[in-house]
Amino acid sequence: MLNEYEMKRATKPAEYVIYCRKSTDESSGMQNQSLPDQVKYCLEYARRNDIKLKFRDDDYDFDSEEEIEKQLQDDDPVNRNTYVEAQKYYVINEQKSAKTPWLREKRRKLIKYIKKWKIKWVLSYSPDRQARNMLEWWEIIDLVDKKLVDLKYTNFLFENTPDWKMMLWIWFVFSKQYSDKLSQDSSRWTYSALERWRALWVYKHWY
């Protein structure tokens, strides 16, 4: 039996919050999908699919005024226009791509707000933007299981059913494998380059 608050929440029209995370792999320094690109794809996806986005209100405490001002002064005019369009919406830009969960403060706050029923609908570029390890994947699936959050992605169809939750989990697993292999390959290249430099230095030193 739903209480009064649960009933209001259940009948409230869906208003999606956009969550984006910096995708630079620390070990490789490569950028797979920039923050403004993620924001742009989410805005376009919402327009195409008639999805209502949540407007930024007085309680918004994710991106600071300094961060927002920096976004609006981006050197790239395309990025700047994207941020101008997104300014009125509830868009969370996670600048930290750290593998350690507690270092991504905005994600932790997002999860806390979901558990407190302040946020229910979340739109992201792809599932791997929301989680980087098994613990975070389980956390996302658990929130979906408890019907605390509804998720949408621009490049992955998802519904809260057993089959789609399994597909989401598989996506997470493959994403983890790709990320680990990218890090491993990058580390191996760095090590090989260092060994070549050492060999060259020794050769020249004794020449």
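Model, not experiment: these values are computed from the prediction. (Residues numbered from 1 in each chain as written. Predicted model: local features only at pLDDT ≥ 70, side-chain atom pairs only at ≥ 80, totals over all residues. Heavy atoms only, no water.)

A. Layout of the overall build of the chain. A count of helices and strands for the chain gives seven helices and four strands. Listing each helix as α and each strand as β along the chain from the N terminus yields α-β-α-α-α-β-α-β-α-β-α. When the 207 residues of the chain are sorted by exposure, 42% land in the buried category. Considering only residue pairs separated by 6 or more positions, the chain has 72% of its internal contacts joining residues 24 or more positions apart. In the form shown here, the chain has an accessible surface area of approximately 12900 Å², with 56% of it arising from carbon and sulfur atoms. (Helix = DSSP H or I, 4+ residues; strand = E, 2+ residues; numbered from the N terminus. Buried < 20%, exposed > 50% of the residue type's maximum accessible area, 1.4 Å probe, protein only. Contact = heavy atoms within 4.5 Å. Areas by Shrake-Rupley, 256 points an atom, 1.4 Å probe, with all protein chains shown as cover.)

B. Quick peek at the sheet that holds strand β1 (residues 17-21). Ordered by their spatial adjacency, four strands build an open sheet running β2-β1-β3-β4, and the pairing between neighbours is parallel. Strands with a single pairing partner mark the edges of an open sheet, and in this sheet they are β2 (91-94) and β4 (150-153). Averaged over all pairs of adjacent strands, the angle between their axes in this sheet comes to 25°, without regard to strand direction. Pairing between β1 and β2: four bridges, direction parallel. Bridge pairing links I18 to V91 in β2. (Pairing = 2+ DSSP bridges. Axes fitted to C-alpha atoms, helices over the stretch in contact; angles between N-to-C directions.)

C. Looking closely at the layout of surface pockets. In this model, the second largest pocket occupies a volume close to 240 Å³. Along the walls of the second largest pocket sit 12 residues, with L35, Q71, D74, Y83 and Q95 positioned nearest its centre. Looking at which element gives the most residues to the lining of the second largest pocket, the answer is helix α3 (residues 65-72), with three residues. For the lining of the second largest pocket, the residue count by class is three nonpolar, five polar and four charged. (1 Å grid on protein atoms, 1.4 Å probe; cavity = no way out; pocket = protein on both sides within 12 Å on 5 of 7 lines; lining within 4 Å. Points joined across faces, edges and corners; volume = space filled by probe spheres on them. Nonpolar A, V, L, I, M, F, W, Y, C, P; charged D, E, K, R; others polar.)

D. Just the environment of D63, in detail. Assignment of secondary structure puts D63 in the loop between α2 (35-48) and α3. Linking D63 and E94, residues 31 residues apart in sequence, is a C-alpha distance of 8.5 Å. Within the structure, the side chain of D63 is placed 3.4 Å from the side chain of Q71, a separation counted as a polar contact. Separated by 3.1 Å, the side chains of D63 and N93 make a polar contact. (Polar contact = N/O pair within 3.5 Å; in protein donor to acceptor, adjacent residues only side chain to side chain.)

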